[in-house]
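Reading the structure
Listed here are the chains, written in short residue letters.
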Amino acid sequence: MGSVLEQLINGLGTGSIYALIALGYTMVYGIAKMINFAHGDIIMVGAYVLYVTVTQFKLPVIAAVAITVTFCAVLGITIEKIAYKPLRKAPSLAVLITAIGMSFLLQSLALLIFNANPIAFKSIIDVQTVKLGNTTVSGVTLVTLIVTMICMITLSLFISKTKAGSAMRAVSEDKAAAQLMGINVNRTISMTFAIGSALAAVAGILFVCQYQSIKPTLGALPGIKAFVAAVLGGIGSVPGAMIGGVLLGVIESISKAYISSELTDAIVFGVLVLVLLVKPSGLLGKNRIEKV
Amino acid sequence: MAMLTIKDLNVYYGVIQAIKGISFEVNEGEVIALIGANGAGKTTILHTITGLITPKAGSIDFEGNDLVKIPAHKIVSLGMAHVPEGRRIFAELTVLENLKMGAYTRSDKKEMENTLEMIYKRFPRLKERKNQIAGTLSGGEQQMLAMGRALMSHPRIILMDEPSMGLSPLFVSEIFDIIREISESGTTVLLVEQNAKKALSIADRAYVLETGNIVLSGDAKELMNDDSVKKAYLGE
Ligand SMILES: Nc1ncnc2c1ncn2[C@@H]1O[C@H](COP(=O)(O)OP(=O)(O)OP(=O)(O)O)[C@@H](O)[C@H]1O
Ligand SMILES: [Mg+2]
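Scanning chain B from terminus to terminus reveals 9 helices and 10 strands. For 236 residues, the compact-globule estimate of 2.2 N^0.38 gives 18 Å, and chain B sits close to it at 17 Å. C-alpha extents for chain B along the principal axes are approximately 45 × 40 × 35 Å. Taking all 236 residues of chain B together, the buried fraction comes to 52%. In chain B, 67% of the contacts between residues at least 6 apart in sequence involve partners at least 24 apart.

What follows deals with the nonpolar core. Core analysis: the biggest nonpolar cluster contains 87 residues, and Leu20, Leu23 and Tyr84 of chain A have the highest contact counts within it. Judged by nonpolar contacts, the second largest core, of 49 residues, contains Val83, Ile119, Ala150 and Phe171 of chain B.

Residues and elements named next belong to chain B. Donor atoms from the polypeptide that bind the magnesium ion (ligand 2) are Thr43 (OG1) and Glu85 (OE), placed at 1.8 to 2.2 Å. Taken as a pair, Thr43 in helix α1 (residues 42–49) and Glu85 in the loop between β6 (80–83) and α2 (95–102) lie far apart in primary sequence, 42 residues in all. A relative accessible area of 18% means that Thr43 is categorised as buried.

Residues and elements named next belong to chain B. By nearness alone, 13 residues border ligand 1, and Asn38, Lys42, Thr43, Thr44 and Glu85 come closest of all. Here an oxygen atom of ligand 1 sits 3.2 Å away from a polar atom, N or O, in the main chain of Ala40. Between ligand 1 and the protein, one listed contact pairs an oxygen atom with a side-chain N or O atom of Glu162 at 3.0 Å. Sorting elements by how many residues they give to the shell around ligand 1 places α1 first, with 3 residues. Its residues assigned to classes, the shell around ligand 1 comprises 4 nonpolar, 6 polar and 3 charged.

Facing the 21 residues of chain B at the interface are 19 residues of chain A. For the pair chain B and chain A, the summed buried surface comes to about 1,900 Å²; carbon and sulfur atoms form 61% of the total. In this assembly, chain B and chain A are joined by 2 salt bridges. Joining chain B to chain A, the criterion identifies 6 residue pairs in polar contact (both at pLDDT 80 or more).

As a further point, take the sheet that holds strand β4 (residues 57–62) of chain B. All names here are of chain B. Taken in spatial order, the 4 strands of this open sheet run β2-β1-β4-β5, and their pairing is antiparallel. Only two strands of the sheet have a single partner each, and these edge strands are β2 (16–26) and β5 (65–66). Pairing between strand β1 (residues 4–13) and β4: 5 bridges, direction antiparallel. Looking at β4, one finds that Thr5 is bridged to Asp61.

Residues and elements named next belong to chain A. For the structure shown, the criterion picks out 7 aromatic pairs over all chains. Here Tyr51 and Phe121 contribute two aromatic rings whose centre-to-centre distance is 6.5 Å and whose plane-to-plane angle is 65 degrees, an arrangement assigned as edge-to-face. Within this pair, whereas Tyr51 is found in helix α2 (residues 39–56), its partner Phe121 is found in the loop between β1 (119–120) and β2 (130–132), the two being separated by 70 residues in sequence. We note that Tyr51, like Phe121, is buried. Here the aromatic residues Tyr25, Phe37 and Phe227 are joined through ring pairs into a cluster of three or more.

With that settled, the discussion passes to the pattern of salt bridges. Residues and elements named next belong to chain B. Within the structure shown, the criterion is met by 14 salt bridges over all chains. The shortest N-O distance in the salt bridge between Arg106 and Glu111 comes to 2.8 Å. Classification of Glu111 as partly exposed rests on a relative accessible area of 26%. A salt bridge links Arg129 to Glu141, with the shortest nitrogen-to-oxygen separation between them at 3.3 Å. In this pair, Arg129 is assigned in the loop between α4 (124–128) and α5 (139–151) and Glu141 in helix α5, connecting sequence segments 12 residues apart.

All names here are of chain A. Between α2 and helix α3 (residues 61–84), whose axes approach to 9 Å, the crossing angle comes to 145 degrees. Here α2 runs over α3; the crossing is right-handed. Two secondary-structure elements touch here, α2 through Ile42, Val45, Gly46, Val49, Leu50, Thr53 and Val54 and α3 through Ala64, Val65, Ile67, Thr68, Phe71, Cys72, Leu75 and Ile79. Of the residues assigned to the contact of α2 with α3, the class counts are 12 nonpolar, 3 polar and no charged.

Procedures and definitions
- Per chain, the residues get numbers from 1 upward, laid out in the order the sequence is written.
- All chains are assigned letters beginning with A, and all ligands numbers beginning with 1, in the order in which they are written.
- Per-residue local features are limited, in this predicted model, to residues with pLDDT of at least 70; the limit for side-chain atom pairs, both in listing and counting, is 80 or more; totals at the level of whole chains, interfaces and linings are taken over all residues.
- Derived side-chain values reflect all non-hydrogen atoms in the structure, with water molecules and hydrogen atoms excluded from consideration.
- By the criteria applied, helices consist of DSSP H or I runs no shorter than four residues and strands consist of E runs no shorter than two, each listed in order from the N terminus.
- The atom set for the radius of gyration is the C-alpha atoms, and the globule formula is 2.2 Å times the number of residues raised to the power 0.38.
- Here the term buried applies to any residue with accessible area under 20% of the maximum for its type, exposed to any over 50%, and partly exposed to those in between, with areas from a 1.4 Å probe on protein chains only.
- Whether two residues touch is decided by their heavy atoms; if any such pair falls within 4.5 Å, the residues are in contact.
- Side-chain atoms within 4.5 Å link the members of a nonpolar core, which is a set of buried Ala, Val, Leu, Ile, Met, Phe, Trp, Tyr and Cys residues.
- Sodium, potassium and calcium take a 3.2 Å donor cutoff, other metals 2.8 Å, and in both cases only N, O and S atoms count; water is not among them, so sites may look incomplete.
- Note on terminology: near, applied to a residue and a molecule or strand, indicates that one of the residue's heavy atoms is within 4 Å of it.
- Side-chain atoms alone can form a polar contact between residues adjacent in sequence; in general such a contact is a pair of N or O atoms within 3.5 Å, and within protein one must be able to donate a hydrogen while the other accepts it.
- Gly is placed with the polar residues, together with every amino acid not listed as nonpolar (Ala, Val, Leu, Ile, Met, Phe, Trp, Tyr, Cys and Pro) or charged (Asp, Glu, Lys and Arg).
- Buried area counts how much accessible surface, traced with a 1.4 Å probe, disappears from two parts once they are put together, with both parts' losses summed.
- Any Lys or Arg side-chain nitrogen found within 4 Å of a carboxyl oxygen on Asp or Glu counts as a salt bridge.
- Pairing between strands is defined by DSSP: at least two bridges between them are needed.
- Any pair of Phe, Tyr and Trp rings, taking the six-membered ring for Trp, is counted once the centres come within 6.5 Å. Such a pair is stacked with planes under 30 degrees apart, edge-to-face with planes over 60 apart, and tilted for the rest.
- Lines fitted to C-alpha atoms define the axes here, with helix axes fitted over just the stretch in contact, and angles between the N-to-C directions of these axes take values from 0 to 180 degrees.
- Should the near helix be turned counterclockwise from the far one by less than a right angle, the crossing is left-handed, whereas a clockwise turn marks it as right-handed.

Following this line, the structure appears as structure tokens:
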């Protein structure tokens, strides 16, 4: 077992992957007021696309990554267009069930194309382990931390500083008023799904480089963990998703190392329940009354 | 031909008919007041004009464009701005960000900066508070922000839905002064108001709405002296 610092860094690594995924849940919730339960499966699709582009098409890593991210972004837009958009005015239960159905559909498609056997996948991240005193950090973890950091900073700047980012915030607050400003609400929702899915693709790439195995249900666990992270941070809040994800990863890693790996999930959910008891809207969530 | 011509407009919410075959027009440069009691259908009319609601029947001609066929987000760039009921500012954005959203369809940055300066001159409070989160503004300041935001698009016509709602008498006078200024600077105004006295005092013409029908219309000064209007809307 490594040092506390090492556990902390590993926790940050997994946590930042959760954070990337959680961002998709929270942004989509903010703008479309729905939980996209198929979001976790985008991670899985990303992993398979990466596998195909790297091992079948033998593309260079950069190209494979670019194709994976683009593929997932387009998939996200398509799912919204065909499955969720027709249900904008439907009761939220109908939307929820559709999202769960979409999740099953993606998993079944992967099962059809690649079958259920896990595929071994060699990490595309070729970075040496770094040693600092008696703390070792794997190359994958290091790259994960750097990549997620870049993604989160870029996203934050995009949302807070650009015209499109302000439009996104305006649409999530008041769609009718946003339309009166000339903002195309459909296009803004598409963009949000694209960004969320692209981030999930990046998360998927980092995830398979860590675990080096791909199967159709691969997205389920990180998906649900990231959902917990988004709720923990306050669903709808972008910084909340980041903090929630990282926090979750660290708690997991520390409790795995020092308490018990069997109890880890119980501890994670325990923390969630505690936070929600004290602050029902999550760490950074707003106690805003939903407008209809 | 009038700038804005509404013909035989019928609007439903489900099976309930809110607007029952209304026709009216707004000429360029006019201030038109639309008055009527709660639930008469004033907001519904404005929402239908700017595309937030689709009418069951009727046409809305704005300078040759049939607005019924144009999606809501494409209407502001035709030169029509709408200050909605309840202000509907973006509470979590700053004052400046709200104003910039008003200029969303305008791509000329330089021109946007100039308009911003003009708005700040008209609403000095907004300049002082440009980096404040809009949700923390007072009601009157929020109304100014909503108007400033609409003016950022350089509208040729501006639709205002109860701009004086919930404001102190002092603020109400200020808001009406600003509406007069907006009109004098050449922008056509379609004003929905419950404060009929104030609205009629600055309007050229007015329409009186009752449960989805126009029951009275004409010169604003004449309507102010109309007995039925006096009794029903001016509290005399
Ligand atoms: N979303 C809606 N669904 C169903 N009915 C509605 C809806 N919005 C308005 N109505 C009904 O349509 C009628 C007209 O409402 P509208 O809001 O246009 O009135 P208004 O003249 O603006 O009233 P106020 O002065 O109170 O703002 C009312 O009877 C109202 O109850
Ligand atoms: Mg109204």
